[in-house]
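Per-entry structural report
Chain by chain, the residues run as shown.
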Amino acid sequence: MNRKGIIIVVSGFSGAGKGTIMKALISKYDQYALSISATTRDPRPGEENGREYFFVSNEEFEKLIAENGLIEHAGYVNHYYGTPRKFVEDKLNAGIDVILEIEIQGALQIKEQYPDAVLLFVMPPSAEVLEQRLRGRGTESDEVIRQRLKRANEEAVGIENYDYIVINDKLEDAVERVHGIITAAHGTPDRNKEFIAEVREQLSRL
Ligand code: ADP
Ligand code: 5GP
């Protein structure tokens, strides 16, 4: 049976724990490919070019757009972020699920181009926990934290566009929920048309 790759879009407020969940998911289950985005923001301490992001200049980012090298892109708190096309298309063609950890405008662009994509929105157990996690991460200035919390207010309006919410209370539980949702998505009749047709055909010949 030919299993097709699915695009899984993961969004959520800054500090909700998307990056942490995705790292844990990938290390536990090696069947997933995590897309690496291009961004014009500066690397945080510990981040490496080509691992967390491709860190590029504004000019390089604009060139990627002009070359149709991104499947989606968006502005987020003073910077650009976008998903390189080739990696995603290569993985899908090879039957591998690709995870895009992107914000909400990009998520909607993906849903338009790939209606089969599964959209997950990671939520903190409460707004208070979100602020604690964002501050606890210690990677942004007070001003940027304020801007990111403001952006969270705006993004909260769009949650109904997603297929599932995942509450990130206990990390291991959140990882299992994400894996469970993706596993279930592979079981819909829509994603198994060829297999269903094949068995129907076999039945008709009995
Ligand atoms: P995002 O990628 O959504 O911006 P991060 O993955 O960077 O968020 O997580 C924000 C902070 O919260 C990090 O310091 C991370 O260690 C912490 N964190 C993430 N998930 C959990 C969790 N389930 N419980 C406690 N702390 C968490
Ligand atoms: P951060 O600066 O915290 O790494 O990311 C800021 C926001 O940009 C997060 O919501 C993250 O999901 C989003 N993001 C990261 N890469 C992309 C991308 O390629 N496209 C879009 N649209 N958003 C992205």
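A short tour of the structure in this document, coming up. (Residues numbered from 1 in each chain as written. Chains lettered and ligands numbered in written order. Predicted model: local features only at pLDDT ≥ 70, side-chain atom pairs only at ≥ 80, totals over all residues. Heavy atoms only, no water.)

Re the pattern of salt bridges
Tallied over the full model, the rule gives 24 salt bridges. For K4, the salt bridge identified is with E194, shortest N-O distance 3.3 Å. Pair noted here: K4 is in the segment before β1 (7-12) and E194 is in helix α8 (residues 193-204), with a separation of 190 residues, a long-range link. K86 serves as the salt-bridge partner of D90, at 2.6 Å between the closest nitrogen and oxygen. Taken as a pair, D90 and K86 lie in helix α3 (residues 85-93) at a separation of four residues, close to a single helical turn. The exposure class assigned to D90 is partly exposed, which follows from its relative accessible area of 38%. Judged by its relative accessible area of 59%, K86 is exposed. Each of R41, R44, E47, R137, E140 and R148 takes part in salt bridges that share partners, so that together they form one network. (Salt bridge = Lys/Arg side-chain N within 4 Å of Asp/Glu carboxyl O. Helix = DSSP H or I, 4+ residues; strand = E, 2+ residues; numbered from the N terminus. Buried < 20%, exposed > 50% of the residue type's maximum accessible area, 1.4 Å probe, protein only.)

Let's talk about the nonpolar core
By size, the foremost hydrophobic cluster in this structure holds 43 residues, and its most contacted members are I7, V9, L25, L100, I110, L120 and V178. Broken down by element, the residue count for this core peaks at six residues, all from helix α7 (residues 171-185). Among the nonpolar cores identified, the runner-up in size contains five residues, and Y53, Y76, V77 and Y81 belong to it. (Core = buried A, V, L, I, M, F, W, Y, C linked by side-chain atoms within 4.5 Å.)

Comments concerning the site of ligand 2
Of all residues adjacent to ligand 2, which total 16 residues, the nearest are S37, R41, Y53, E72 and Y81. In the environment of ligand 2, an oxygen atom lies 3.1 Å from a nitrogen or oxygen atom belonging to the backbone of G82. One of the side-chain N or O atoms of E103 is found 2.7 Å from a nitrogen atom in ligand 2. Considered on its own, ligand 2 offers 510 Å² of accessible surface; in the complex 96% of this is hidden by protein. Under a 2 Å grid-point criterion requiring more than half of the atoms, the pocket assigned to ligand 2 is the largest pocket. For the shell around ligand 2, the residue count by class is five nonpolar, four polar and seven charged. (Near = heavy atom within 4 Å. Polar contact = N/O pair within 3.5 Å; in protein donor to acceptor, adjacent residues only side chain to side chain. Areas by Shrake-Rupley, 256 points an atom, 1.4 Å probe, with all protein chains shown as cover. 1 Å grid on protein atoms, 1.4 Å probe; cavity = no way out; pocket = protein on both sides within 12 Å on 5 of 7 lines; lining within 4 Å. Sits in = over half its atoms within 2 Å of the grid points. Nonpolar A, V, L, I, M, F, W, Y, C, P; charged D, E, K, R; others polar.)

Remarks on the site of ligand 1
Lining the immediate environment of ligand 1, one finds 14 residues, of which G15, K18, T20, R137 and N168 sit closest. Interatomic distance of 2.8 Å between a backbone N/O atom of K18 and an oxygen atom of ligand 1. Here N168 contributes a side-chain N or O atom positioned 2.8 Å from a nitrogen atom of ligand 1. Considered on its own, ligand 1 offers 560 Å² of accessible surface; in the complex 72% of this is hidden by protein. More than half of the atoms of ligand 1 fall within 2 Å of the grid points belonging to the largest pocket. Elements that contribute at least two residues to the shell around ligand 1 include exactly α1 (18-28) and α5 (127-137). A total of three residues in the shell around ligand 1 trace back to one element, the largest contributor, which is α1.

What about α1?
For α1, the full list of buried residues reads K18, I21, M22 and L25. The buried residues of α1 occupy one face: seen down the axis, they fall within an arc of 95°. Looking at α1, the residues exposed on the side facing more than 90 degrees away from the buried face are K23 and S27. Summarising the contacts, the buried residues of α1 are in contact with β1, β2 (32-34), β7 (97-101), β8 (118-123) and α7. (Arc of directions from axis to C-beta. Contact = heavy atoms within 4.5 Å.)

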